[in-house]
Each structure stands twice: as C-alpha cells, then as structure tokens.
Amino acid sequence: MHLNHLSLFLHIVEKGSLTAAARELSLSPTTVSDRLSALESHYEVTLLNRTTRAISLTEEGRTLLEGARRVIAEMDELDNRVRFGAQTLSGSIRISAAIDLGRGIIEPIVNDFLRTNPKVSIELLLADNYVNIVDEGIDIAIRFGNPTDSSLRARKLGTSQRVVCASPSYIAQHGKPLKPSELAQHNCLVMRFGRQLDNVWHLQDEDKDLPIPVTGNRIANDGRLVHDWCLAGYGIALKSHLDVEADINSGALIQLLEPYSPPPKEIHMLFPPSRTQALRVRELAQKIITAFKQ
C-alpha cells in the first residue's frame with residue numbers, strides 16, 4: 001500500500017476526524033474518505049469505527065497505526081541520512097514524562113540535546129496521569145513505578161524515594177505528625193492520577209506496609225501544583241525525593257515521618273513495542289540513561 005495512504009491514516013488518527021485531516025492536508029473530505037476506504041479495502045478490514053461525532057480505532061487499526069508510525073519514521077530517517085549524511089540527527093521526537101520529573105530532570109537533558117542536534121525537534125509532553133504511548137505516538141516515556149503494560153519495552157533508570165514533607169509555616173501552625181496515624185488530623189495534599197485518587201499513602205514500619213488513608217481540601221492532577229501548595233504551607237505532601245530534594249536541603253520543606261518512609265519506587269524509560277528506533281531516539285535515550293547514572 002502506498003506510503004501516502006499510511007501517512008493519511010496517521011493524520012486522521014492524530015487529528016481525530018476525517019474533516020480535520022482533510023483541512024490539514026488541503027484535501028477534500030471526500031478524497032480523504034475515499035483513500036481511507038481504499039486502505040481498508042486493501043487490508044480487507046475496518047480500521048476506524050466512524051460516527052457523526054467521533055472516530056475510534058479497531059484492533060486492526062491499532063496494529064496498522066503502530067506499524068505505520070514505524071515505517072514512516074524509518075523512511076524519514078532514511079531520507080534524512082541520504083540528504084544530510086549518516087551522522088546527522090534530524091526529525092522529531094515525542095517524550096512523555098511526569099510533570100515534576102519532566103521539568104526538573106528531562107527538560108535540561110532536552111535543552112542540551114537540542115544544542116548539539118539543531119535539526120532535531122522535540123515535543124515534551126508533561127502529565128501525571130496515565131498516557132497510552134502507542135495511541136499518542138510517544139517515542140520515549142519516563143514514568144515512576146513498574147510498567148503496567150507488558151507489551152511496552154522498558155529500561156530501568158534507577159529508583160526514587162518518596163518522602164512526606166511540609167513547609168516550616170505549616171508545621172508552626174499545625175504541628176508535626178510523629179506517627180503515620182496522626183496524618184488523619186492533618187490537611188494532606190492529594191494527587192489524582194487520571195481516575196485514581198492517591199488518597200492512601202503506603203508508608204513502612206520495619207518492612208511492613210502501612211496503608212494510611214489521608215484527606216485534605218486540595219486535590220490536583222499536577223505534581224508541580226501540589227509541590228507549590230506544599231511550599232506555600234497549605235498542607236502535607238507525599239513527593240518524590242527527586243522533586244523536593246533542593247527544597248529540603250534549603251529548609252523550604254521539612255521531611256516528616258522519616259522512620260516510616262515508603263520503599264523506593266523504580267523509574268523506567270518506556271518505548272513502544274516496535275523493535276526499530278530512529279537514530280535520534282536512540283541517541284536521546286542514551287543521554288537520559290547517562291544522566292540518571294550521574
């Protein structure tokens with residue numbers, strides 16, 4: 001099947017509708033619809049479920065989407081190598097990372113990488129909720145915890161300790177909890193990860209898990225906002241040590257319940273299931289691995 005048809009299919013999925021894809025490519029909606037029908041006829045399957053309001057991928061559509069992205073990325077890399085030479089990195093990379101992790105660690109790596117590779121463009125997507133990296137066309141994802149999707153390829157980058165912390169102003173006004181059970185008397189800043197509310201904090205007592213229910217008057221799906229609320233004295237937060245290390249060292253935040261700190265969480269770099277990666281993606285991934293080692 002012609003590469004233009006695969007590229008058109010990608011545009012339809014990324015834009016969310018045939019009309020939007022037609023507008024993007026300066027084609028008529030009828031032309032887009034005909035070409036999509038030709039693609040489906042070629043494979044003898046339905047690739048998209050289409051209604052008047054939305055489209056959704058079928059299982060066969062998801063398979064083609066993954067393969068189409070891989071094929072077109074490989075063709076782009078081949079084109080760049082022929083045009084600019086094998087040693088020149090060019091093209092686009094999409095990275096997904098948790099908000100604090102992305103701002104504090106990944107963004108400086110991206111800046112350094114772009115300085116030495118000016119023909120590369122990077123889209124850095126920061127979100128604390130679950131992201132489907134295949135559907136979103138993500139090349140690299142950096143996430144806390146163990147991967148939940150076994151189809152993804154994963155590389156462990158290290159571990160991060162989570163700490164309970166609060167500002168000196170909050171402690172001066174409300175006191176310091178000395179036992180995990182005392183968190184029930186405090187205003188805790190709660191994170192939301194998609195539909196999941198992180199309102200049970202898993203602390204530890206001599207290797208025994210202590211699930212501690214917490215409540216508070218502020219909930220957010222943005223780790224940076226929870227961080228800022230904690231600094232402002234609005235409550236107690238459970239944060240990655242990577243996010244608050246500088247604040248604890250400066251005294252802007254105080255670590256609480258140290259004897260009950262939860263076990264470290266692993267940090268993984270995730271890739272889509274395809275075995276091939278563009279050179280630019282491999283090079284950036286290596287820089288991230290090196291940075292975490294350091």
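Keep in mind the model is a prediction, meaning the values are calculated, not measured.

Explain the overall build of the protein here, please?
Secondary structure assignment for the protein yields nine helices and 15 strands. Seen through its C-alpha atoms, the protein measures out along the principal axes to roughly 70 × 45 × 35 Å. When the 294 residues of the protein are sorted by exposure, 42% land in the buried category. Looking at the protein alone, contacts between residues at least 24 apart form 74% of all its contacts between residues at least 6 apart. Within the structure as shown, the protein displays about 15900 Å² of accessible surface, and the carbon and sulfur contribution to it stands at 47%. Distance between charge centroids for the protein: 2 Å, based on 33 positive and 35 negative side chains.

Honestly, the packing of aromatic side chains in this entry has me stumped. Any pointers?
Note on aromatic pairs: each is described by the distance of the centres and the angle between the planes. By the definition in use, this model includes zero aromatic pairs. The side chain of R218 reaches across the aromatic face of W229, ending 5.3 Å from its centre.

Would you take a moment to explain the state of the cysteines for this structure?
A covalent bond between the sulfur atoms of two cysteines is what we call a disulfide. As enumerated under the stated definition, the model contains zero disulfides in all. In this structure C165 is a free cysteine whose sulfur lies 4.1 Å from that of C230, the closest cysteine sulfur available.

How should a nonpolar patch on the surface be read in this particular structure?
A surface patch of nonpolar side chains, about 300 Å² in accessible area, is lined by L3, V71, M75 and L78. When residues in the nonpolar patch are grouped by element, the largest group, three residues, is from helix α4 (residues 59-84). Assignment of secondary structure puts L3 in helix α1 (residues 3-15).

Explanation requested: unusual backbone geometry in the structure shown.
Glycine aside, residues mostly have negative phi, and peptide bonds are mostly found in the trans state. Even without glycine at this site, S26 takes up a positive phi of about 60°. Summarising the element assignment, S26 is placed in the loop between α2 (18-25) and α3 (29-43). You can call S26 exposed: its relative accessible area is 68%. In this structure, L257 takes a positive phi of about 50° despite not being glycine. Along the chain, L257 falls in the loop between β14 (254-256) and β15 (265-271). Note on L257: relative accessible area 7%, which makes it buried.

Could you clarify how one ought to interpret the packing of helix α5 (residues 99-116) against helix α9 (residues 279-293) in this entry?
Packed helix pairs are specified by the crossing angle of their axes together with the interaxial distance, meaning the distance between the axes. Where α5 contacts α9, the axes come no closer than 10 Å and their chain directions differ by 125°. It follows that α5 is oblique to α9 by the angle criterion. Between α5 and α9 lies a crossing of right-handed hand. The residues of α9 that touch α5, namely those facing L101, I105, I106, I109, D112 and F113, are R280, E283, L284, K287, I288, A291 and F292. Its residues assigned to classes, the contact of α5 with α9 comprises nine nonpolar, no polar and four charged.

What counts, and where the lines are drawn
- Residues numbered from 1 in each chain as written.
- Predicted model: local features only at pLDDT ≥ 70, side-chain atom pairs only at ≥ 80, totals over all residues.
- Heavy atoms only, no water.
- Helix = DSSP H or I, 4+ residues; strand = E, 2+ residues; numbered from the N terminus.
- Buried < 20%, exposed > 50% of the residue type's maximum accessible area, 1.4 Å probe, protein only.
- Contact = heavy atoms within 4.5 Å.
- Areas by Shrake-Rupley, 256 points an atom, 1.4 Å probe, with all protein chains shown as cover.
- Lys, Arg positive; Asp, Glu negative; His and termini not counted.
- Charge placed at Lys NZ, Arg CZ, Asp CG, Glu CD.
- Phe/Tyr/Trp six-rings, centres within 6.5 Å; stacked < 30°, edge-to-face > 60°.
- Lys NZ or Arg CZ within 6 Å of the ring centre and 35° of its normal.
- Disulfide = S-S within 2.5 Å.
- Patch = residues over 30% accessible without salt bridge, like charges linked within 9 Å, V, L, I, M, F, W, Y side chains within 5 Å.
- Salt bridge = Lys/Arg side-chain N within 4 Å of Asp/Glu carboxyl O.
- Axes fitted to C-alpha atoms, helices over the stretch in contact; angles between N-to-C directions.
- Parallel < 35°, antiparallel > 145°, perpendicular 65-115°, else oblique.
- Left-handed = near helix turned anticlockwise from the far one by under 90°.
- Nonpolar A, V, L, I, M, F, W, Y, C, P; charged D, E, K, R; others polar.

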